[in-house]
Amino acid sequence: MELIMYLVDAFTDKKFSGNQAGVIPDARKLNSKDMQKIAKELNLSETAFIQKIDDDNYKVRFFTPTQEVDLCGHATIATFYTLVEKGYINGIEGNKKRYYQHTKAGKLYVDVYVEGEKIDKVVMEQKKSELIEKDVDIIELADAMNINIDEISLGEESLIPQIISTGLPDIIVPIKNKEILDNLIIDKEKVKKLSSKLEVIGIHAFSIDQDKIYCRNFAPLVGIDEEAATGTANGALFYYMRKNNLTNKDEITVNQGESLDRPSQIVCKTSYANPDVIEVGGVASIILEGIIHP
């Protein structure tokens, strides 16, 4: 058996930037153990395995090197960009086509926008935003992040970390300024322990500098020390910012990946049809095409 796979940079229009994802367009003959072995071998933050249901519906499963996760934003962007770009999906009439991915987080729509013959962007629906009512021990969190307690804030704003999910739960952590954010060196074992205790994927830290939003994401519990771009976590960040009156905008752009020299831009916006629904989107670039011999 041979499997075609693609290595795709998501949330960037520049090659060798953004967040890498593996895309396996036809995973019909693979079981869960096969998928996990392939994801471990590829050693990317996430690899997506696709099974076509019909022309508009696709079952998608996401694996980190260590485990399956319910949903992944950057791997979704990479997946549907690749399916369209490589002809696994029929040509799009007009400038937009809606597809549905069936994931462990539920059935979610994915919109592919086209200008001429070029894919302009891919935008995915997030699962309904959920504020998870669990107390986050600030002392334990600061210790795991190797920062002082008073650095968990935003400028002069007194804000607390909150656990939010738009498909995967993360601790959203405001950081006093960008310099502190840039210099974060987490204690991976302590972050693993805290993540396990709170049943979250990891820590999504952010700061605002001259009206620009910057973030870093740490998820060592699921085998990702730091990620260059995260869709679901930035959807949760957008919800956090709106809930805490940090923005009244319907669309923001989050900058991520600078610390890894893989700059990424993630667009987060409310749906035109339903302002309570958060969408996350961006562009992608296929870097490598190959064959796996499982």
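What comes next concerns the included structure. Residue positions are given per chain, counting from 1 as you read along its sequence in written order. The predicted origin of the model limits local features to residues at a pLDDT of at least 70 and limits the giving and counting of side-chain atom pairs to 80 or more, whereas totals for whole chains, interfaces and linings rest on all residues. Each side-chain value is derived from all of the structure's non-hydrogen atoms; neither hydrogens nor water enter the calculation.

Side note on the pairing of strand β10 (residues 162-165)
Using the following cut-off: Summary of the burial criterion: residues with accessible area below 20% of their type's maximum are buried, those above 50% are exposed, and those between are partly exposed, where the area comes from a 1.4 Å probe applied to protein chains only. Numbering goes from the N terminus for both helices and strands, where a helix is a DSSP run of H or I of at least four residues and a strand is a run of E of at least two. The rule for pairing is simple: two strands pair if DSSP sees at least two bridges between them.
Alternating residues of β10 divide into Gln162 and Ile164 and Ile163 and Ser165, and every residue in both groups is buried. The pairing of strand β9 (residues 130-132) with β10 spans three bridges and is classified as antiparallel. In the strand pairing of β10, Glu130 is matched with Ser165. Pairing analysis gives four bridges linking β10 to strand β11 (residues 169-174), with the strands arranged antiparallel. Residue Ile163 lies in a different strand from β11, and its bridge partner there is Ile171. Linking two consecutive strands that pair antiparallel, namely β10 and β11, is a turn of three residues; a positive phi of about 145° is found at Gly167 within it.

As for helix α1 (residues 32-42)
Here is the rule we go by: As used here, the arc belongs to the directions running from the helix axis to the C-beta atoms. By definition, residues are in contact when any of their heavy atoms lie within 4.5 Å. In protein, a polar contact means a hydrogen-donor-capable atom and an acceptor-capable atom, both N or O and within 3.5 Å, with residues adjacent in sequence counting only if both atoms are side-chain atoms; elsewhere, any N or O pair within 3.5 Å suffices.
Turning to α1, its buried residues are Met35, Gln36, Ile38 and Ala39. For α1, the buried positions fall inside an angular range of 165° around the axis, keeping them on one side. Relative to its buried face, α1 has exposed residues pointing more than 90 degrees away, namely Lys33, Lys37, Lys40 and Glu41. In this fold, the buried residues of α1 make contact with β1 (3-10), β3 (46-54), β4 (57-63), β5 (68-69) and β18 (284-292). Where α1 begins, the capping side chain belongs to Asn31, and its oxygen is found 3.1 Å from the backbone nitrogen of Lys33. Downstream of α1 by a residue or two, Asn43 has a phi angle that is positive, lying close to 60°.

Observations concerning the nonpolar core
Test applied: Take the buried Ala, Val, Leu, Ile, Met, Phe, Trp, Tyr and Cys residues and link them wherever side-chain atoms come within 4.5 Å; each set so joined is a nonpolar core.
Grouped together as the largest cluster of nonpolar side chains are 59 residues, with contacts concentrated most on Tyr58, Phe62, Phe80, Tyr99, Val112, Val122 and Phe206. The element best represented in this core is helix α2 (residues 73-85), accounting for seven residues. In this structure, Ile180, Leu184, Leu198 and Ile203 belong to the second largest nonpolar core, which totals 23 residues.

Description of the environment of Glu68
Inspection of the secondary structure puts Glu68 in strand β5. Measuring from C-alpha to C-alpha, the distance between Glu68 and Val222 comes to 8.8 Å, with 154 residues separating the pair along the chain. Non-local contacts of Glu68, meaning those with residues more than four positions away in its chain, are made with Gln36, Arg61, Phe62, Phe63 and Lys104. Within the structure, Glu68 has its side chain in polar contact with the side chain of Arg61 (distance 2.9 Å). Among the polar contacts listed, one links the side chain of Glu68 to the side chain of Lys104, at a separation of 3.2 Å.

Such coordinate-based values are descriptive only and should not be taken to indicate function.
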